[in-house]
Amino acid sequence: MTAPAHEVYAVKFGQHPGGKRAQYFHGSAAEPLEKPTQLDYFVWLIRSPGQDPSRDIVVDVGFTAETAARRGREHWQAPSRALEGLGADCSAVPYVILSHFHYDHVGDVEAFTGAKFVVQAREMAFWTGRHAARHEFRRLVERADIERLAGYALDGRVLFVDGEHDVVPGVRVHHVGGHTAGLQIVSVATARGTVVLAADASHLYANVEDDAPFGVLTDLPAMYDTFDRMRALAAAPELIVPGHDPEVLARFDPVDGFEGRAVRIA
């Protein structure tokens, strides 16, 4: 059976314009070290056929204004509010897919009061396990976020996945390695073909397009394997959508009334 064609949107809610390439690429890929490099912060909306907001799926939920202030990031508005601007009813969203547990992807969960959170089991295991407190890992998460997600698991609101899983027909998650222990990407059937929402499997276009690993990783060979996996899944190279590249807003069509903040990918 052919999977239904979904619509996919990227929604920007903040940015970090003050970085340099040395912060964001691994090894020799970081050169030239001083080149200014901006990160944008996105969440993604998958709209199922029929345009029924109660069937919308959200991928990642960004971070709060309080976290942004502590970490020196620009926070334009709550990610949930940004999604509502595109017609999403966050309280009615049935599934929120969390790519991984870093602070910039799991902070604004409380608006999604009726959702199940789709999580790779090994991601939860890592962040509640013996290595999570080590500095190079601990600095990338917010304690309150991890505690909240663990509480949701105890409440039965986490859908644990081990590997690949069809969330709904045409929307599939895939465990990939490299950035975190339980990172997952999302493949989406659309009218343009299969779109791959990379999240932090490729922060920037240069990661996957130039085979240049990002600077934060747990497994370098696995990161290279992830690049290959995304290339195999996507219908075309241009349908691999990185998690933090400002260029996303230039490569896809803007949503009317949300220029510079939201684009339709497919």
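First, a word on scope: everything that follows refers to the structure included in this document. Quick caveat: nothing in here was measured; it's all calculated off a predicted structure. (Residues numbered from 1 in each chain as written. Predicted model: local features only at pLDDT ≥ 70, side-chain atom pairs only at ≥ 80, totals over all residues. Heavy atoms only, no water.)

**Topic: the side chain of His 244**
Within the element layout of this structure, His 244 appears in the loop between β12 (240–242) and α10 (248–251). In this structure His 244 comes out as buried when scored by relative accessible area, which is 2%. In terms of polar contacts, His 244 uses its side chain to reach the side chain of Asp 104, at 3.4 Å. Leave out the neighbours within four places in its chain, and His 244 touches Gln 38, Leu 39, Asp 40, Tyr 41, Phe 42, Asp 104, His 105, Asp 200, His 203 and Leu 204. (Helix = DSSP H or I, 4+ residues; strand = E, 2+ residues; numbered from the N terminus. Buried < 20%, exposed > 50% of the residue type's maximum accessible area, 1.4 Å probe, protein only. Polar contact = N/O pair within 3.5 Å; in protein donor to acceptor, adjacent residues only side chain to side chain. Contact = heavy atoms within 4.5 Å.)

**Remarks on helix α7 (residues 143–154)**
Every α-helix carries 3.6 residues per turn, so stepping three or four residues along brings you back to the same face. Between its first and last C-alpha, α7 extends 17 Å over 12 residues, near the 16 Å set by a 1.5 Å rise per residue. For α7, the full list of buried residues reads Asp 145, Ile 146, Leu 149 and Tyr 152. Within α7, the buried residues cover an arc of 120 degrees as seen down the axis, which keeps them to one side. In this structure, α7 carries Arg 143 and Leu 154 as exposed residues pointing more than 90 degrees from its buried face. Contacts made by the buried residues of α7 are with α4 (103–106), β6 (116–120), α5 (121–127) and β7 (158–161). Positive backbone phi, at 80 degrees, marks Gly 156, one or two positions downstream of α7. (Expected span 1.5 Å × (residues − 1). Arc of directions from axis to C-beta.)

**With respect to the pattern of salt bridges**
For the coordinates displayed, the defined rule picks out 19 salt bridges. With its nearest N and O atoms 3.2 Å apart, the salt bridge here joins Arg 148 to Asp 145. You can see Arg 148 and its partner Asp 145 sitting in helix α7, 3 residues apart, about one turn around the helix. Residue class for Asp 145 comes out buried when judged on its relative accessible area of 6%. For Glu 164, the salt bridge is made with Arg 172, and the minimal N-O distance between the two is 2.8 Å. On the basis of relative accessibility, which here comes to 38%, the residue Glu 164 falls in the partly exposed class. For Arg 172, a relative accessible area of 27% gives the class partly exposed. Each of Glu 164, Asp 166, Arg 172 and Arg 229 takes part in one network of salt bridges that share partners. (Salt bridge = Lys/Arg side-chain N within 4 Å of Asp/Glu carboxyl O.)

**Considering the environment of Arg 192**
If you trace the backbone, Arg 192 turns up in the loop between β10 (184–190) and β11 (193–199). For the pair Arg 192 and Ile 265, spaced 73 residues apart in sequence, the C-alpha separation works out to 9.0 Å. A distance of 2.9 Å separates a polar side-chain atom of Arg 192 from the backbone oxygen of Ile 265.

**A short note on the sheet that holds β10**
The strand order across the open sheet built from 5 strands is β8-β9-β10-β11-β12, with neighbouring strands paired in mixed fashion. The two strands at the open ends of the sheet, each matched to only one other strand, are β8 (164–168) and β12. For this sheet the average axis-to-axis angle between neighbouring strands, irrespective of direction, equals 25 degrees. Relative to strand β9 (residues 171–175), β8 runs antiparallel, the two being bridged by 4 bridges. When the bridges of β9 are listed, His 165 appears paired with Val 173. Helix α9 (residues 220–233) contacts β8, β9, β10, β11 and β12 of the sheet and is inclined by roughly 155 degrees relative to β11. (Pairing = 2+ DSSP bridges. Axes fitted to C-alpha atoms, helices over the stretch in contact; angles between N-to-C directions.)

**Focus: the environment of His 179**
Tracing the chain through its elements places His 179 in the loop between β9 and β10. Looking at His 179, the relative accessible area reads 3%, which means it is buried. Residues His 179 and Val 167 lie 12 residues apart in sequence; the distance between their C-alpha atoms is 22 Å. Look past the residues within four positions of His 179 in its chain and what remains in contact with it is His 100, His 102, Asp 200, His 203, Phe 214, Val 216, Leu 217, Thr 218 and Met 223. At 3.3 Å, the side chain of His 179 and the side chain of Asp 200 are in polar contact.

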